[in-house]
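Residue strings, one per chain:
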Amino acid sequence: MENAGPARRSILVVAAALIDPEGRVLVQQRAPGKSLAGLWEFPGGKAEPGESPEEALVRELDEELGIAIDAAALSPVAFSTATDDALSLVLLLFASRVWRGVPRPFDAAALRWCAIDALRRLPMPPADVPLIDPLAPWLSAT
Ligand code: C5P
């Protein structure tokens, strides 16, 4: 039998593209000491067993940014996959223009609002990068 190597944990990660009236998207910088520290990511995190992806994202955005968002306001954009030695992850990105509260960096080193050109120049985790192109059409001003 073929040696499949060490077993990898599989996780579903949900993330949000929060878009402001100028068509900019919110990204957060991963904090020192975390994996991928210093890289800029779409805010979100691991879905727990039994949660819908939207429920998980509503919870994560409350925990990480202190904002309230309705599950019904989340529109699916695209997914990507990434694998390293320990982990195999599916990252599912939702977009929203509507939330309550002002995002604050409870879990991150910093927050930043980026137009599409600035987003393309940011160092991002491998799973986030392939989501930039599918997100681009959403980043128009209203
Ligand atoms: O933030 P946390 O460490 O809980 O995220 C779980 C996993 O999802 C990590 O491996 C992280 O790198 C990954 N992730 C990602 N892109 C995001 C959010 C999380 O690759 N936008």
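Computed from a prediction, not measured in an experiment: that's the story for all the values here.

Here's the deal with the packing of aromatic side chains
Each aromatic ring pair is specified by the distance between its two centres and by the angle formed by the two planes. This model, assessed by the stated rule, comprises one aromatic pair. A ring pair is formed by Trp 99 and Trp 113, whose centres lie 6.1 Å apart and whose planes are at 15 degrees; its orientation type is stacked. You can see Trp 99 sitting in the loop between β6 (87–96) and β7 (108–114) and its partner Trp 113 sitting in strand β7, a full 14 residues away along the chain. Taking the relative accessible area as the measure of exposure, Trp 113 reaches 29% and is therefore partly exposed.

Here we look at the confidence of the model for the protein
On average, residues of the protein carry a pLDDT of 96, and 96% of them reach 70 or more. Interface scoring of the predicted complex returns ipTM 0.96; its pTM is 0.95.

A short note on the sheet that holds strand β1 (residues 9–18)
Strand order in the open sheet made by the four strands is β4-β1-β6-β5, with mixed pairing throughout. With one partner strand each, in any of the chains shown, β4 (44–46) and β5 (75–83) form the two edges of the open sheet. Sheet twist, expressed as the mean angle between neighbouring strand axes with direction ignored, is 20 degrees. With three bridges joining them, β1 and β4 adopt antiparallel strand pairing. Within the sheet, the bridge partner assigned to Ala 15 lies in β4 and is Gly 44.

What to know about the pairing of β6
On any regular strand, side chains alternate: one points to one face of the sheet, the next to the other face. The sheet contact formed by β1 and β6 spans 10 bridges and is parallel. Across the sheet, residue Ala 17 finds its bridge partner in β6, namely Ala 95. Where β5 meets β6, eight bridges bridge the pair, whose relative direction is antiparallel. Bridge pairing in β6 places Ala 82 opposite Leu 89. Hairpin connection between β5 and β6: a loop of three residues separates the two successive antiparallel strands.

Describing the site of the ligand
Close to the ligand lie 13 residues, the nearest being Arg 30, Leu 36, Glu 41, Phe 42 and Asp 128. Take Arg 30: an N or O atom from its side chain is 3.1 Å from an oxygen atom of the ligand. Contact between the ligand and Lys 34: an oxygen atom at 3.4 Å from a side-chain N or O atom of the residue. When the ligand is considered free in solution it has 450 Å² of accessible area, and contact with the protein chains removes 87% of it. Broken down by element, the residue count for the shell around the ligand peaks at three residues, all from β6. Grouping the constituent residues of the shell around the ligand by class yields eight nonpolar, no polar and five charged.

Reading the values: rules and limits
- The residue numbers shown here count from 1 along each chain, following its written sequence.
- In keeping with the model being predicted, local features are shown solely for residues with a pLDDT of at least 70 and side-chain atom pairs are shown and tallied solely at 80 or more, while totals for entire chains, interfaces and linings include all residues.
- The side-chain values count all of the structure's non-hydrogen atoms but skip hydrogen atoms and water molecules.
- The rule is short: rings of Phe, Tyr and Trp, with Trp giving its six-membered ring, pair when the centres are within 6.5 Å, and they are stacked under 30 degrees, edge-to-face over 60, tilted in between.
- Numbering of helices and strands runs from the N terminus, with a helix taken as a DSSP run of H or I at least four residues long and a strand as a DSSP run of E at least two residues long.
- The rule is simple: take the accessible area with a 1.4 Å probe, protein chains only, and divide by the maximum for that residue type; under 20% is buried, over 50% is exposed, in between is partly exposed.
- Here pLDDT means the predictor's own confidence in every residue, given as a number from 0 to 100.
- At least two DSSP bridges between two strands are required for those strands to pair.
- Axes here mean lines fitted to C-alpha atoms, for a helix over just the part in contact, with angles spanning 0 to 180 degrees between N-to-C directions.
- Working definition: residue near molecule or strand if any one of its non-hydrogen atoms lies within 4 Å of it.
- Under the rule applied, a polar contact is a pair of N or O atoms within 3.5 Å (in protein, one hydrogen donor and one hydrogen acceptor; residues adjacent in sequence only if both atoms are side-chain atoms).
- For accessible areas, the Shrake-Rupley method is used with a probe of radius 1.4 Å. Any residue's cover is judged against the shown protein chains and nothing else.
- Gly is put with the polar residues, along with every residue not named as nonpolar or charged; the nonpolar set is Ala, Val, Leu, Ile, Met, Phe, Trp, Tyr, Cys and Pro, and the charged set is Asp, Glu, Lys and Arg.

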